[in-house]
Amino acid sequence: MAKQENPFLNIDFQKMMMDFKMPGIDADALMSAQQKNIEAIASANQLATEGLQAIGKRQAELFQQTVEESQKTLGALMSQGAPEERIAKQAETVKTTIERTVTNLREISEMLAKSNQEAFDVINKRITESLEEVQSLSGKK
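Residues numbered from 1 in each chain as written. Predicted model: local features only at pLDDT ≥ 70, side-chain atom pairs only at ≥ 80, totals over all residues. Heavy atoms only, no water.

K.L.:
Sorry, what's going on with the overall build of the protein here?
P.N.:
The number of helices and strands found in the protein is three helices and zero strands. The N-to-C order of helical and strand elements in the protein reads α-α-α. Counting over 141 residues, the protein shows a buried share of 13%. Within the protein, counting contacts between residues at least 6 apart in sequence, those at least 24 apart form 67% of the total. (Helix = DSSP H or I, 4+ residues; strand = E, 2+ residues; numbered from the N terminus. Buried < 20%, exposed > 50% of the residue type's maximum accessible area, 1.4 Å probe, protein only. Contact = heavy atoms within 4.5 Å.)

K.L.:
Help me understand the side chain of Arg-126 in this model?
P.N.:
Mapped onto the elements, Arg-126 comes out in helix H3 (residues 83-138). Taking the relative accessible area as the measure of exposure, Arg-126 reaches 5% and is therefore buried. Residues within four places of Arg-126 in sequence aside, it is in contact with Ala-33, Lys-36, Asn-37, Ala-40 and Glu-133.

K.L.:
Honestly, the pattern of salt bridges in this entry has me stumped. Any pointers?
P.N.:
Two side chains bearing opposite charge may form a pair once their charged atoms approach each other closely. Applying the stated criterion across every chain, the model contains eight salt bridges. When the shortest N-O distance is used, the salt bridge between Glu-118 and Lys-114 registers 3.8 Å. Pair noted here: Glu-118 and Lys-114 are both in helix H3, with a separation of four residues, about one helical turn. Where Glu-129 meets Lys-125, a salt bridge forms, and the shortest distance between an N and an O atom there is 3.7 Å. One end of the pair is Glu-129 and the other is Lys-125, both in helix H3 and four residues apart, which spans about a single turn. Its relative accessible area of 29% is what places Glu-129 among the partly exposed residues. Taking the relative accessible area as the measure of exposure, Lys-125 reaches 55% and is therefore exposed. Beyond isolated ion pairs, a larger network of salt bridges with shared partners links Lys-36, Lys-125, Arg-126, Glu-129 and Glu-133. (Salt bridge = Lys/Arg side-chain N within 4 Å of Asp/Glu carboxyl O.)

K.L.:
Looking at this structure, how should I read a nonpolar patch on the surface?
P.N.:
Taken together, the side chains of Val-94, Ile-98 and Val-102 define a hydrophobic patch exposed on the protein surface, amounting to about 250 Å² of accessible area. With respect to the element layout, Val-94 can be found in helix H3. Val-94 sits in the partly exposed class, given a relative accessible area of 48%. (Patch = residues over 30% accessible without salt bridge, like charges linked within 9 Å, V, L, I, M, F, W, Y side chains within 5 Å. Areas by Shrake-Rupley, 256 points an atom, 1.4 Å probe, with all protein chains shown as cover.)

K.L.:
Would you mind going over the environment of Thr-93 with me for this structure?
P.N.:
When you line up the elements, Thr-93 lands in helix H3. Through-space distance from the C-alpha of Thr-93 to that of Leu-74 is 9.6 Å; in sequence the pair is 19 residues apart. Those residues in contact with Thr-93, other than ones at most four positions away along the chain, are Thr-73 and Leu-77.

K.L.:
Quick question: what am I supposed to make of the confidence of the model for the protein here?
P.N.:
Reading fine detail from the predicted coordinates is not recommended where pLDDT is low. The share of residues in the protein with pLDDT of 70 or more is 78%, and the mean pLDDT across the chain is 83. The spread of mean pLDDT over the elements of the protein runs between helix H1 (residues 13-19), the lowest at 61, and H3, the highest at 90. (pLDDT = per-residue confidence, 0-100.)

The structure is reproduced here in structure tokens:
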């Protein structure tokens, strides 16, 4: 199957802006600002993707640990013993499982919040820079 190319990637926007000359607008500065915007979005997307990959990897690790621990616990619960001992073991197992689940959920939530914050910081920084660029361009008139 032939790979399709995006026709918009072959457009020379800078040349178009230069040909479309508008008085009082610095086309080079405008194109530079837009390029920085695109780079910031790409960087934020990359950070978000890396964050989600890390979360997915950690979730897989936690799932593997849970399966292994469940197998061990099930074996221990099936062992011989008085009914009172087995009930006590089950109660302790449930308590431990709930505590571990809450800890794991907290860890995943913190990872997600950190990933979102990193991506947001990139976009926020670019917005601040963009506003400063607009102010400096408007001051040149």
